[in-house]
Amino acid sequence: MIPFILASSSPRRQELLKQVNYSFEIITKDTSEQVQENLLPEKLVLQLANRKAEAVFDDHPDRIVLGADTIVAKADNILGKPESKEEAFQMLKLLSGCRHSVYTGVSILSRDQTQHFYQQTDVEMYELTDDEIMRYLNSGEPIGKAGSYAIQGLGAYLVKEIKGDYNNVVGLPLAKVMRALAAYSIFPEDKKLNSWKE
Ligand SMILES: Cc1cn([C@H]2C[C@H](O)[C@@H](COP(=O)(O)OP(=O)(O)OP(=O)(O)O)O2)c(=O)[nH]c1=O
């Protein structure tokens, strides 16, 4: 099995793919996160995911390369990763007591085929007091997380309900990704998974 390239430095994406025994190697390249204004969230994540995948694919045109991007959207507000504690506070204040959507775009490039897709998961947060937000910020967890929270960590405390794929909120719509990768015959061959045949 030839490992594919994960063009992402996100530890969450790496964990999710390890969880299902995929063989992959991580190669990343810095790309700009600048996009034109007023882009729909789904278009935005697709554009950024494709940019990340393309930058690596250009150097490795004979490989399968997967890029992804996650953002949080509430009405017209698009929330990426916070650049400061103050910005993280504002984001959580905006999300408090409301519903928002998490979008992850995925781009899988190879010489033979190209696949682009996105997934949307709707999340409702509990009403948060300023004190709760401050205590959460002090944990340091919001750094590097779209929307300033991590559902898989202490951020679980903030989330009342979700509708859709949980893994998509963490950073990768795993079911869709596995189904897309099945097209390349690189399904995990872990003996433990098919030991019932022996
Ligand atoms: C909403 C949410 C986001 N996140 C994370 C997933 C992503 O790592 C991050 C969004 O940032 P991204 O820009 O999508 O990814 P990244 O900068 O971490 O990695 P790379 O650009 O190299 O691919 O937010 C969580 O871990 N948990 C959550 O609940």
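Since we're looking at a predicted model, the values are computed, not measured.

K.L.:
Please explain the nonpolar core as it appears in this structure.
P.N.:
The nonpolar side chains of soluble globular proteins are, as a tendency, buried together. Among the nonpolar cores identified, the biggest contains 41 residues, and Leu17, Ile108 and Tyr149 are the most heavily contacted of them. With five residues, the single largest contributor to this core is helix α3 (residues 85-95).

K.L.:
Just checking my understanding: could you explain the confidence of the model for the chain for this structure?
P.N.:
Should pLDDT be low for a region, the predicted coordinates there are not to be read in detail. For the chain, the mean per-residue pLDDT works out to 93, and 92% of the residues sit at or above 70. If you check the scores for this complex, the pTM reads 0.93 and the ipTM reads 0.97.

K.L.:
Honestly, the pairing of strand β5 (residues 99-109) in this entry has me stumped. Any pointers?
P.N.:
Counting buried positions along β5 gives ten out of eleven residues, so the element sits mostly inside the fold. Sheet topology note: the strand β3 (residues 65-74)/β5 ladder contains nine bridges and is antiparallel. Within β5, the residue paired with threonine 70 across the bridge is threonine 104. Pairing geometry for β5 and strand β6 (residues 114-125), over eleven bridges, is antiparallel.

K.L.:
Looking at this structure, how should I read the packing of aromatic side chains?
P.N.:
Each pair of aromatic rings is reported with the distance of its centres and the angle of its planes. The full count for this structure, using the stated rule, is three aromatic pairs. Aromatic side chains phenylalanine 4 and tyrosine 22 sit 6.0 Å apart centroid to centroid with 75° between the ring planes, which places their arrangement in the edge-to-face category. Placement of the pair is phenylalanine 4 in strand β1 (residues 4-6) and tyrosine 22 in the loop between α1 (11-19) and β2 (24-26), with a sequence separation of 18 residues. The exposure classification of phenylalanine 4 matches that of tyrosine 22, with both residues buried. Every member of this aromatic cluster is reached through a ring pair, and the members are Phe4, Tyr22 and Phe24.

K.L.:
Looking at this structure, I do not really get the pattern of salt bridges. What am I missing?
P.N.:
A side chain of one charge can pair with a side chain of the opposite charge if their charged atoms are brought near each other. Scanning all chains against the criterion turns up eight salt bridges. Here glutamate 25 makes a salt bridge to arginine 63, at a shortest N to O gap of 2.7 Å. With glutamate 25 in strand β2 and arginine 63 in the loop between α2 (41-57) and β3, this residue pair connects regions lying 38 residues apart in the sequence. The salt bridge partner of arginine 99 is glutamate 124, with a shortest N-O separation of 3.2 Å. Linking arginine 99 in strand β5 with glutamate 124 in strand β6, this pair joins segments that are 25 residues apart in sequence. On the basis of relative accessibility, which here comes to 54%, the residue arginine 99 falls in the exposed class. Of the residues examined, glutamate 124 reaches a relative accessible area of 15% and is grouped as buried. Each member of the salt-bridge network shares a partner with another, and the members are Arg99, Glu124 and Lys160.

What counts and how
- Residues numbered from 1 in each chain as written.
- Predicted model: local features only at pLDDT ≥ 70, side-chain atom pairs only at ≥ 80, totals over all residues.
- Heavy atoms only, no water.
- Core = buried A, V, L, I, M, F, W, Y, C linked by side-chain atoms within 4.5 Å.
- Buried < 20%, exposed > 50% of the residue type's maximum accessible area, 1.4 Å probe, protein only.
- Helix = DSSP H or I, 4+ residues; strand = E, 2+ residues; numbered from the N terminus.
- pLDDT = per-residue confidence, 0-100.
- Pairing = 2+ DSSP bridges.
- Phe/Tyr/Trp six-rings, centres within 6.5 Å; stacked < 30°, edge-to-face > 60°.
- Salt bridge = Lys/Arg side-chain N within 4 Å of Asp/Glu carboxyl O.

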